[in-house]
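What follows is the residue order along each chain.
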Amino acid sequence: MKPLKIGNIEARIPIIQGGMGVGVSRHRLASAVAREGGIGIISTAQIGYDEPDFDKHQIETNLYAIKKHITLAKEEAPGGIIGVNIMVATKQYDRYVKAACEAGTDVIISGAGLPITLPELVQGYPVKIAPIVSSEKATLVILKMWDKKYKTTADFIVIEGPRAGGHLGFSKEQLDHIEELNYDNEIKQIIACKKVYEEKYQRSIPVIVAGGIFDQDDIKHVLELGADGVQIATRFVVTKECDASEEYKQAYLNAKKEDIKIVISPVGMPGRAILNPFMNKVKEERIAVKKCFNCLEHCNPKETPYCITKALINAVNGDLDNGLIFCGDNVDRLTEMTTVKDIFTELVF
Ligand SMILES: Cc1cc2nc3c(=O)[nH]c(=O)nc-3n(C[C@H](O)[C@H](O)[C@H](O)COP(=O)(O)O)c2cc1C
């Protein structure tokens, strides 16, 4: 394994811990990963959900919590690399980006939409930015736009494949037939299409592959395809350091292959989650929204089948029967609680 160089910053180990909302990756998990030489990512999705003012002022509370968790993570991992994952679909996305920059985030990774305006929002801050892409087409759109509008390019690219957790950039039909996607080929095409921009801007654009990375063989496989590193999320949930409740972690350990399902989230995107009473309930009936938590653009509280913020907060707090438990496709392979250090010891070669 070679260190991951992103411009003037360098991670000793080319492993990024994927951002996990709501509340699954905050300062504890991210700092533990950064201490091991990887890059720890805090998810900004409703990051302030357990702060006293959250019920009244979600966005302001989240902006405060972004600064709090970045500061804590940096204190807990001196010299380590800490970043944030900010979904483009977040309401008032630009304020979240600014708050993270002001708090001194080293990295911003943005998906769930095309982060077209990201270069403009981070201007003047020494932060490295990466779009999350799932296809060559989306990669080309973003790189062309950034080139044309801002005369810049990505500092790195995260490719998120169909085996990842959380919201996914694929249709339900594609996710039902993952093998037919021939995704290795897509990865190679994405890696090939960034080369023009590397030449134009005379800098390298490292590519990180995410989705279903479980062991050393998976890492070696994507490095052979031309990747520079990996992003891993699901495995980090069953660690002592993960910020979710014990019940959440136990649900991961109990999950069997047949429990892993694709759900359509209220915002219309598919996501992967563990089948539980909540998922069965929303299949049968709509759960009316009593209160809007101002999370995502394009969600209409009057029509949404359920409130995704409420469902994710219930899950992270351990109320699993009323919660949505996002997970990656390999969650059934997890057998024991571990630590971030042990995962690094196992994966690094
Ligand atoms: C519980 C959970 C929550 C996630 N939340 C987010 C999120 O808020 N934003 C995002 O861009 N990706 C999210 N992801 C995706 C991860 O960051 C990561 O890219 C992906 O899960 C990697 O695949 P793996 O879980 O198989 O390792 C989430 C994944 C999980 C498992």
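Remember, predicted model here, so these are calculated numbers, not experimental data. (Residues numbered from 1 in each chain as written. Predicted model: local features only at pLDDT ≥ 70, side-chain atom pairs only at ≥ 80, totals over all residues. Heavy atoms only, no water.)

Peer 1: Whenever I open this one, the site of the ligand confuses me. Can you help?
Peer 2: Near the ligand lie 24 residues; those nearest to it are Gly19, Glu160, Gly212, Gln231 and Thr234. Between the ligand and Gly211, the relevant distance is 3.3 Å, taken from an oxygen atom to a main-chain nitrogen or oxygen of the residue. Contact between the ligand and Ala233: an oxygen atom at 2.9 Å from a main-chain N or O atom of the residue. The protein chains hide 96% of the 610 Å² of surface that the ligand would expose on its own. Only strand 11 (229-232) and helix 11 (246-254) provide two or more residues apiece to the shell around the ligand. (Near = heavy atom within 4 Å. Polar contact = N/O pair within 3.5 Å; in protein donor to acceptor, adjacent residues only side chain to side chain. Areas by Shrake-Rupley, 256 points an atom, 1.4 Å probe, with all protein chains shown as cover. Helix = DSSP H or I, 4+ residues; strand = E, 2+ residues; numbered from the N terminus.)

Peer 1: Looking at this structure, I do not really get the pattern of salt bridges. What am I missing?
Peer 2: Pairing between side chains becomes possible if they bear opposite charge and their charged atoms approach one another. By the definition in use, this model includes 19 salt bridges. The salt bridge involving Asp332 is made with Lys257; its shortest N-O contact spans 3.4 Å. Here Asp332 is found in the loop between helix 13 (308-317) and helix 14 (340-347), whereas its partner Lys257 is found in the loop between helix 11 and strand 12 (260-264), with 75 residues between them in sequence. By relative accessible area, Asp332 is classed as partly exposed at 24%. The partly exposed category is assigned to Lys257, whose relative accessible area is 45%. Where salt bridges share partners, they join Arg163, Glu179, Arg272 and Asp329 into one cluster. (Salt bridge = Lys/Arg side-chain N within 4 Å of Asp/Glu carboxyl O. Buried < 20%, exposed > 50% of the residue type's maximum accessible area, 1.4 Å probe, protein only.)

Peer 1: Before we go on, may I ask you to explain a nonpolar patch on the surface in this structure?
Peer 2: Together, Leu114, Val141 and Met145 make up an exposed nonpolar region whose accessible area comes to about 210 Å². If you trace the backbone, Val141 turns up in helix 5 (residues 136-150). Look at Val141 and you get partly exposed, because its relative accessible area is 35%. (Patch = residues over 30% accessible without salt bridge, like charges linked within 9 Å, V, L, I, M, F, W, Y side chains within 5 Å.)

Peer 1: Sorry, what's going on with the packing of aromatic side chains here?
Peer 2: Each aromatic ring pair is characterised by the separation of its centres together with the angle its planes make. Here the structure, examined in full by the defined rule, presents five aromatic pairs. When the ring of Phe170 is compared with that of Tyr183, the centres are 5.6 Å apart and the planes differ by 70 degrees; the resulting orientation is edge-to-face. Of this pair, Phe170 sits in the loop between strand 9 (166-167) and helix 6 (172-176) while Tyr183 sits in helix 7 (residues 183-193), placing them 13 residues apart in sequence. Here Phe170 falls in the buried class, since its relative accessible area comes to 7%. For Tyr183, a relative accessible area of 12% gives the class buried. Just above the ring of Phe214 sits the side chain of Arg235; from NZ or CZ to the centre is 4.4 Å. Directly above the ring of Phe214 sits Arg333, whose terminal nitrogen or CZ lies 4.1 Å from the centroid. (Phe/Tyr/Trp six-rings, centres within 6.5 Å; stacked < 30°, edge-to-face > 60°. Lys NZ or Arg CZ within 6 Å of the ring centre and 35° of its normal.)

Peer 1: Quick question: what am I supposed to make of the pairing of strand 6 (residues 107-110) here?
Peer 2: Residues in a regular strand point their side chains to alternate faces of the sheet. Side-chain alternation along strand 6 places Val107 and Ile109 on one buried face and Ile108 and Ser110 on a second face that is also buried. As judged from the three bridges shared by strand 5 (residues 81-85) and strand 6, these two strands associate in the parallel manner. What sits directly across from Asn85, in strand 6, is Ile109. Taken together, strand 5, helix 3 (residues 93-102) and strand 6 constitute a β-α-β crossover, and its handedness is right-handed. Both strand 6 and strand 7 (residues 128-133) contribute to a ladder of four bridges, which runs parallel. Each bridged residue has a counterpart across the sheet, and for Ser110 the counterpart in strand 7 is Pro131. (Pairing = 2+ DSSP bridges. Right-handed = clockwise from strand over helix to strand, strands pointing away.)

Peer 1: Can you help me understand the packing of helix 1 (residues 27-35) against helix 2 (residues 58-76) in this one?
Peer 2: Relative orientation and spacing of two packed helices are given, respectively, by the angle between their axes and the distance between those axes. Following both chains from N to C, one finds helix 1 and helix 2 inclined at 35 degrees, their axes separated by 8 Å at the closest point. In this structure, helix 1 meets helix 2 at a crossing whose hand is right-handed. In this structure, helix 1 uses His27, Arg28, Ser31 and Arg35 to contact helix 2, whose residues at the interface are His69, Leu72, Ala73 and Glu76. Grouping the constituent residues of the contact of helix 1 with helix 2 by class yields two nonpolar, three polar and three charged. (Axes fitted to C-alpha atoms, helices over the stretch in contact; angles between N-to-C directions. Left-handed = near helix turned anticlockwise from the far one by under 90°. Contact = heavy atoms within 4.5 Å. Nonpolar A, V, L, I, M, F, W, Y, C, P; charged D, E, K, R; others polar.)

Peer 1: How should I be thinking about the pairing of strand 7 in this particular structure?
Peer 2: Burial analysis of strand 7 places six of its six residues in the buried class, the great majority of the element. Burial of strand 7 is two-sided: the residues Lys128, Ala130 and Ile132 facing one way and the residues Ile129, Pro131 and Val133 facing the other way are all buried. Strand direction decides the pairing type here: strand 7 and strand 8 (residues 157-160), joined by two bridges, are parallel. Directly across from Ile132, in strand 8, lies its bridge partner Val158. You can see the chain leave strand 7, run along helix 5 and come back into strand 8, and the turn it takes is right-handed.

Peer 1: Which parts of the structure should I look at to understand helix 5?
Peer 2: Because the α-helix completes a turn every 3.6 residues, residues three or four places apart line up on one side. Under the 1.5 Å per step criterion, the end-to-end length of helix 5 is 21 Å for 15 residues, consistent within 8% with the ideal 21 Å. Here helix 5 has its buried residues at Thr139, Ile142, Leu143, Trp146, Asp147 and Tyr150. Relative to the axis of helix 5, the buried residues are bounded by an arc of 125 degrees and lie together on one face. The outward face of helix 5, more than 90 degrees from its buried face, is lined by the exposed residues Lys137, Lys144 and Lys148. (Expected span 1.5 Å × (residues − 1). Arc of directions from axis to C-beta.)

Peer 1: Help me understand the environment of Leu225, please; the structure alone is not making it clear to me.
Peer 2: Mapped onto the elements of the fold, Leu225 is located in helix 9 (residues 216-225). According to the relative accessible area criterion, Leu225 is buried, its value standing at 14%. Residues Leu225 and Ile191 lie 34 residues apart in sequence; the distance between their C-alpha atoms is 8.7 Å. Those residues in contact with Leu225, other than ones at most four positions away along the chain, are Asp184, Ile187, Lys188 and Ile191.

In short, the description is geometric, and any link to function would need to be established separately.
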